[in-house]
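# Coordinate inspection notes
Each chain, letter by letter, is given below.
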Amino acid sequence: MGAWDYGILDNDTALDGLGAVVDGVVADIDRLAGEPSNEETVGRLAAAVGIVLQLAPAALDPDTGNDRTRGAVVAALTVHADGIGAHLSPGAQRILGLIADGEVALLEQHPAEPVDAVSVDGDHAVHLAEPALFEHLAAGTYVDEVATRCVQAFATDAADEEVWTDLAREAAGVGALAALLVLEPCDLPVELLTEWQQLAALGLAELELSDDGELDFHQPYHANLDAVFDALLDRAGAPM
């Protein structure tokens, strides 16, 4: 595994972690394709597709995207076409129709802040939501479920003390932190985020005391990670 820049997604490990979040959502989309086409099912489906659009929009490109991801999305939208027409808003219907038709222009989502902290060159940004896909009550419930998975993913890494001195190479859960920047509405765990931010600072301090030969990488990386923790705590309403 390698790191090639200072953004929290500018390394193989975090991208694997973000990919794991997306894979979980795609697995949900597969399951939803086999469920009855009622209001709750299509509400959850709209949110799941919306999350893929936020975290991995390029995967939905019919020409250059991920066949597994796009295939699962198109199959589920086809199965539930009648339910989508009956239960979702015209705005949601329009966006899901564009995705099913492979309209690449829709995939050019605006990246969410803090852009530079997530990816210095912007190649691995996470993106703002399409609000129409998250209007249904069932959508909000689903988003919170995915956010809980993201918290659990980082918590798994956080339990390993050695991770804190090489987060860019050892903590796949950092990719899940990036996802949390754009998943809403969801309840963010203020106490855990605060604890993790403090542990990251201690990890950097340990590197600085050891005169680590890669401080010119670790220091700006940790500054970006700190900015992400600040953004998450700000979203959670925690005092800064």
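Quick summary incoming for the structure in this document. (Residues numbered from 1 in each chain as written. Predicted model: local features only at pLDDT ≥ 70, side-chain atom pairs only at ≥ 80, totals over all residues. Heavy atoms only, no water.)

### Section: the packing of aromatic side chains
Two descriptors summarise a pair of aromatic rings, namely the distance from one centre to the other and the angle between the planes of the rings. Evaluated as defined, the whole model comprises five aromatic pairs. With 5.8 Å between their ring centres and 75 degrees between their planes, Phe 154 and Trp 164 make a pair best called edge-to-face. Placement of Phe 154 in helix α7 (residues 137–158) and of Trp 164 in the loop between α7 and α8 (167–170) is noted, with a sequence separation of 10 residues between them. One exposure class covers both Phe 154 and Trp 164, and it is buried. Judged by centre distance (6.3 Å) and plane angle (75 degrees), the rings of Phe 154 and Phe 229 are edge-to-face. In this pair, Phe 154 is assigned in helix α7 and Phe 229 in helix α11 (residues 215–236), connecting sequence segments 75 residues apart. (Phe/Tyr/Trp six-rings, centres within 6.5 Å; stacked < 30°, edge-to-face > 60°. Helix = DSSP H or I, 4+ residues; strand = E, 2+ residues; numbered from the N terminus. Buried < 20%, exposed > 50% of the residue type's maximum accessible area, 1.4 Å probe, protein only.)

### Notes on helix α5 (residues 90–100)
Buried within α5 we find Ala 92, Ile 95, Leu 96 and Ile 99. Each buried residue of α5 lies within a common arc of 95 degrees when the element is viewed along its axis, so the set occupies one face. Residues of α5 that are exposed and point more than 90 degrees away from the buried face comprise Pro 90 and Arg 94. The inward-facing, buried residues of α5 abut α2 (39–55), α3 (67–79) and α4 (81–87). (Arc of directions from axis to C-beta. Contact = heavy atoms within 4.5 Å.)

### Focus on the packing of α2 against α3
A pair of packed helices is characterised by two quantities: the angle between their axes and the separation of those axes. Relative orientation of the contacting elements α2 and α3 amounts to 155 degrees, with a least axis distance of 11 Å. Regarding the angle of α2 to α3, the classification is roughly antiparallel. Note on packing geometry: the crossing formed by α2 with α3 is left-handed. On α3, the residues that touch Leu 45, Val 49 and Val 52 of α2 are Thr 69, Val 73, Ala 76 and Leu 77. Taken together, the residues of the contact of α2 with α3 break down into six nonpolar, one polar and no charged. (Axes fitted to C-alpha atoms, helices over the stretch in contact; angles between N-to-C directions. Parallel < 35°, antiparallel > 145°, perpendicular 65-115°, else oblique. Left-handed = near helix turned anticlockwise from the far one by under 90°. Nonpolar A, V, L, I, M, F, W, Y, C, P; charged D, E, K, R; others polar.)

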